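Descriptive structure summary
Listed below, chain by chain, are the residues.
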Amino acid sequence: MNQISWTLQSFRQILKTCIAERDLITGKSLQALYIKSFIAPSTYLSNHFILLYSKCGRLTAARKAFDATINPNVFSFNAIIAAYTKESQPRIAHQLFDQIPQPDLVSYNTLIAGYADRGDTVPAISLFMGMREIGFEMDGFTFSAAITACCDDIVLMSQLHSLAISGGYDSYVSVNNSLVTYYSKNGYLEEAKRIFYGLGEIRDEVSWNSMIVVYGQHREGKKALALYQEMVRRELNVDMFTLASVLTAFTCLEDLCGGHQFHAHLIKTGFHQNPHVGSGLIDLYSKCRGGMSDCRKVFQEISGPDLVLWNTMISGYSQNEEFSEEALDCFRRMQRAGHRPDDCSFVCVISACSNLTSPSQGKQIHSLALKCDIPSNRISVNNALVAMYSKCGNLQDARRLFDRMPEHNTVSLNSMIAAYAQHGIEMQSLLLFEQMLVRDIPPTNVTFISVLSACAHTGKVEEGRKYFNMMKEKFGIKPEAEHYSCMIDLLGRAGKLSEAERVIETMPYNPGSISWATLLAACRKHGNIELAVKAANQCIQLEPSNAAPYVMLANIYSTAGRWDEVQTVRKLMRDAGVKKKPGCSWIEVNKRVHVFVAEDSSHPLINEVYEFLEEMLKKMKQAGYMPDLRWALLRDDGTREGERELRLGHHSEKLAVAFGLISTKEGEPILVVKNLRICGDCHNAIKFISAITGREITVRDAHRFHCFKEGQCSCGDYW
């Protein structure tokens, strides 16, 4: 009997260890032994098998273990409810909850927390209010879950906060930690700080971690690092969550050197192989220039990466556009490793499809999200899809998906406002913004970037000034460098170059290269050589290795026929070792991407492309097209006009358009992407081509979309 008791005790201990370490293989072996052996059926053991499978994400096995329980008790129900809420199936979880004869506090807390994690405010708060109505005793975890469920409803949050204080629940550290997290996520930094510092000596490690994250989110990395150093001085327990929070601080500071030093410390303490800390390292390196090779090394050092780590790696690739293909490959490898993608996985990989401007890849991922039962109301995935379809030139599908969404948040509207602005449909963009205000959905700094951009691309100077002032006066949003760049662009495009220069000189930030480059582009458009030289020199001082200001200034000089100055700029480039970024254009046909460069000779169908362009040129000239030789740039004036016209006709965007026309069905719209700004002559030529062929041709360049149809462009030639 003692032997049996000892064996049962050991069995239980091993099972608990499996649950703690998510050891599914050993756990399955234990369940097989439990079924076949002398061990009597036990609700206690069944409950723990339910816990094991739910924590390992094996919902079917967890449900089987639940159904096999002879007399399910509240613990059994709670375990399987937790499994369903974790797997984003709260409807089934709620059905099970309703079957419990007498739900206990854990039952309520588990289901409220499940809804809160999904962002489902209404059912979570309904359960919470139901507990209050029947006089059910709550605890700190109840309030913590309810606070998390508030999402961005600050009125509801204020009511809950008051209720927590009046009921004495603010004595729970967990409640205060949730309050700190909530206020920080929603931009109320001072309130978060007041709660944290008001806790005094009852602050626990979670409190410190939360505040470190708060400072990181608000780009106050130095304060975050100071808090960490204080934790160390107080000899508080530093765990993986603390270390990951410190990495967030280095990330917001973009301190790659400091991050490397902290990484060395993590290696010494053995934390570098922890998946949670590894996610922080990958996030740091992916957001610092040139850090993707370090990301790969960190990822490879962690054995058995979990879903969160895979998602972080996919996100890192997708945030760096040149690694978007790697993001898709990483997503597929994650699936082959047996991980089921969640909503975060899909948001990241959809972003990669947006960068690639690959409609076929995007639609495949959309279909996969539907097959994986990602809920249709998962707003983050829908927001990403709206952005993806618009960036792939499919504004109609973007709007259709937007209209079908059961709810919108600020990100949803920002995505659609930006989509219309990029496509040159400023009336819809500004109309959506006004609707946003009517619906009391608060605009953010991102919203105003899109709104100001819409004004800039359509010459609405007075409207732009109005929205810029509204941002500060009505919503208390401090304009950032990006907003000032939009104003510089707005004024510069409209020819108000002196006023644009004054914005640069009076803005409360050190004007970066983007501000001066924006002014330089406006100078090129309006032929102001003197101001262009000043803007170009400022750009070169700020980014001496960037070829764009050299090239733009040389283009301005060549347009004016000042070839000596062109040669001087070229020499400056050579002496500085600066090389021009090659222009290229690409188009996806039959799920394959075809890339072209100017005067291309590598494509297998290039002869057919040139023949088509030659025939098209004849028709274009008959229709009134005249090649604009000013765009055959960076050549001396000794070049014969015929050769310049030939080179002009072989620009990469013309080649990609021609290939699309000969490779697709009659009447089928085509989408071409260019890595630089579209050439002025190409812009004019494609208008003629769209009229002659009767095709809708969309070109997405580095700044916006140009939709050519029936000889007109959506930009109205204001670009």
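Throughout what follows, the structure given in this document is the object of discussion. Since this is a predicted model, take the numbers as computed values, not measurements.

Rules and cut-offs
- Residues numbered from 1 in each chain as written.
- Predicted model: local features only at pLDDT ≥ 70, side-chain atom pairs only at ≥ 80, totals over all residues.
- Heavy atoms only, no water.
- Helix = DSSP H or I, 4+ residues; strand = E, 2+ residues; numbered from the N terminus.
- Buried < 20%, exposed > 50% of the residue type's maximum accessible area, 1.4 Å probe, protein only.
- Contact = heavy atoms within 4.5 Å.
- Areas by Shrake-Rupley, 256 points an atom, 1.4 Å probe, with all protein chains shown as cover.
- Expected span 1.5 Å × (residues − 1).
- Polar contact = N/O pair within 3.5 Å; in protein donor to acceptor, adjacent residues only side chain to side chain.
- Axes fitted to C-alpha atoms, helices over the stretch in contact; angles between N-to-C directions.
- Parallel < 35°, antiparallel > 145°, perpendicular 65-115°, else oblique.
- Left-handed = near helix turned anticlockwise from the far one by under 90°.
- Pairing = 2+ DSSP bridges.
- Right-handed = clockwise from strand over helix to strand, strands pointing away.
- Nonpolar A, V, L, I, M, F, W, Y, C, P; charged D, E, K, R; others polar.
- Lys, Arg positive; Asp, Glu negative; His and termini not counted.
- Salt bridge = Lys/Arg side-chain N within 4 Å of Asp/Glu carboxyl O.

Within the protein chain, the secondary structure is distributed over 38 helices and 6 strands. In terms of its C-alpha atoms, the protein chain occupies a principal-axis envelope of roughly 105 × 55 × 50 Å. Buried residues in the protein chain amount to 50% of all 719 residues. Put simply, of all contacts in the protein chain between residues at least 6 apart along the chain, 62% involve residues at least 24 apart. Accessible surface, the protein chain as shown: approximately 34,600 Å² in total, 52% of it carbon and sulfur.

Taking 1.5 Å of rise per residue, the 14 residues of helix α16 (residues 256–269) would be expected to cover 20 Å, and the 20 Å separating its terminal C-alpha atoms lies within 8% of that figure. Among the structural elements, α14 (221–233), α15 (240–253), α17 (275–287) and α18 (292–300) are those in contact with the buried residues of α16. Here α16 starts with a cap whose side-chain oxygen sits 3.4 Å from the backbone nitrogen of C257, and that cap is D255. Taken from the residues just after α16, G270 is the one with a positive phi, measuring 85°.

Let's shift gears to the packing of helix α19 (residues 307–319) against helix α20 (residues 324–336). The N-to-C vectors of α19 and α20 enclose an angle of 165°; their axes lie 7 Å apart at closest approach. Compared by their axis directions, α19 and α20 come out roughly antiparallel. For α19 against α20, the interelement crossing comes out left-handed. Contact with α19, carried on its side by L307, W310, N311, M313, I314, Y317 and S318, involves S324, E326, A327, C330, F331, R333 and M334 of α20 and no other residues of that element.

Another aspect to go through is the environment of R399. Mapping R399 onto the fold places it in helix α24 (residues 395–404). Taking the relative accessible area as the measure of exposure, R399 reaches 21% and is therefore partly exposed. When the C-alpha positions of R399 and I302 are compared, they lie 41 Å apart, and in sequence the two are 97 residues distant. In this view, R399 contacts M416, Y420, Q428 and L432; residues no more than four positions away in its chain are not counted.

To continue, consider the environment of R340. By the secondary structure assignment, R340 is in the loop between α20 and α21 (343–356). Of the residues examined, R340 reaches a relative accessible area of 45% and is grouped as partly exposed.

A word on the pairing of strand β4 (residues 697–700). What you see with β4 is no split at all: I697 and V699 on one side and T698 and R700 on the other are buried throughout. With 4 bridges connecting them, strand β3 (residues 670–674) and β4 associate as parallel partners. Paired with L671 across the strands is T698, a residue of β4. Each parallel crossover has a hand, and the one from β3 via helix α38 (residues 680–693) to β4 is right-handed. Two strands pair when backbone bridges link them, and β4 and strand β5 (residues 705–709) are joined in this way by 4 bridges, in the antiparallel orientation. By the bridge assignment for β5, I697 is matched with F708.

When two helices pack together, you describe them by how their axes are tilted relative to each other and by the distance separating the axes. As a packed pair, helix α32 (residues 529–542) and helix α33 (residues 548–559) sit with axes 9 Å apart at the nearest point and diverge in direction by 165°. As far as their axial angle goes, α33 and α32 are roughly antiparallel. Note that α32 runs across α33; the crossing there is left-handed. Two secondary-structure elements touch here, α32 through I529, A532, V533, A536, C539 and I540 and α33 through P549, Y550, L553, I556 and Y557. Each residue belonging to the contact of α32 with α33 can be placed in one class, and the counts come to 11 nonpolar, no polar and no charged.

Moving on, we come to the side chain of R700. Mapping R700 onto the fold places it in strand β4. Within the buried set, R700 has no salt-bridge partner at all; the shortest N-O distance to an opposite charge, 5.4 Å, is to E321. A polar contact of 2.7 Å, which involves the side chain of R700, links it to the side chain of T357.

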